[in-house]
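Survey of secondary and tertiary structure
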Amino acid sequence: MAARNALLRHLRVNVNPSPALPFTTVLLRRFSEEVRGSFLDKSDVTDRVISIVKNFQTVDPSKVAPKAHFHNDLGLDSLDSVEVVMALEEEFGFEIPDNDADKIQSVDLAVDFIASHPQAT
């Protein structure tokens, strides 16, 4: 153990952190640069979501609008809403967590969620 400590004492390299940029600032800046610009355009997301909802079997395409509520306006039940969310996951290439999927009850809520998600493609 004494030999190990003596060896480590000679192998240690002093590291002086830069006072100008703390580690967390550098880490946050790097993360934000990677994510910046990777979100989808909201109008494109709106068009794609409306197209998916219009093609759903039990929906009257003439009733689909950007503010349409799945249950109140389009007559979808809870199972239909789950199927719409699954179709959105497939279209945009990412999994929507169950707690977030439960909150998506209208076209505009779906658009807002997808447009703000960095993994949506």
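Model, not experiment: these values are computed from the prediction.

1. Details of the confidence of the model for the chain
Within the chain, residue pLDDT values average 82, and 70% of them lie at 70 or more. In this model residues 31-35 is a low-confidence stretch, pLDDT under 50, and it forms one contact with partners more than four residues away in sequence or in other chains.

2. Overview of the environment of P118
Locating P118 in the fold gives a position in the segment after α6 (107-115). Spatially, the C-alpha atoms of P118 and F94 are 9.6 Å apart, while their sequence positions differ by 24 residues.

3. Here's the deal with the packing of helix α3 (residues 42-54) against helix α4 (residues 78-92)
For the pair α3 and α4, the least separation of the axes is 10 Å and the interaxial angle reads 135°. One way to sum up the angle between α3 and α4 is to call them oblique. Handedness of the α3/α4 crossing: right-handed. For the pair α3 and α4, contact is made by V45, R48, V49, I52 and V53 and by V84, A87, L88, E91 and F92, respectively.

4. Overview of α4
For α4, which comprises 15 residues, the first-to-last C-alpha distance of 21 Å matches the rise-based estimate of 21 Å (1.5 Å per residue) to within 8%. Residues D80, S81, V84, V85, L88, E89 and F92 constitute the buried set of α4. Buried residues along α4 sit against α3, α5 (98-101) and α6. With a side-chain oxygen positioned 3.2 Å from the backbone nitrogen of L79, the residue opening α4 is D77.

About the criteria used
Residues numbered from 1 in each chain as written. Predicted model: local features only at pLDDT ≥ 70, side-chain atom pairs only at ≥ 80, totals over all residues. Heavy atoms only, no water. pLDDT = per-residue confidence, 0-100. Contact = heavy atoms within 4.5 Å. Helix = DSSP H or I, 4+ residues; strand = E, 2+ residues; numbered from the N terminus. Axes fitted to C-alpha atoms, helices over the stretch in contact; angles between N-to-C directions. Parallel < 35°, antiparallel > 145°, perpendicular 65-115°, else oblique. Left-handed = near helix turned anticlockwise from the far one by under 90°. Expected span 1.5 Å × (residues − 1). Buried < 20%, exposed > 50% of the residue type's maximum accessible area, 1.4 Å probe, protein only. Polar contact = N/O pair within 3.5 Å; in protein donor to acceptor, adjacent residues only side chain to side chain.

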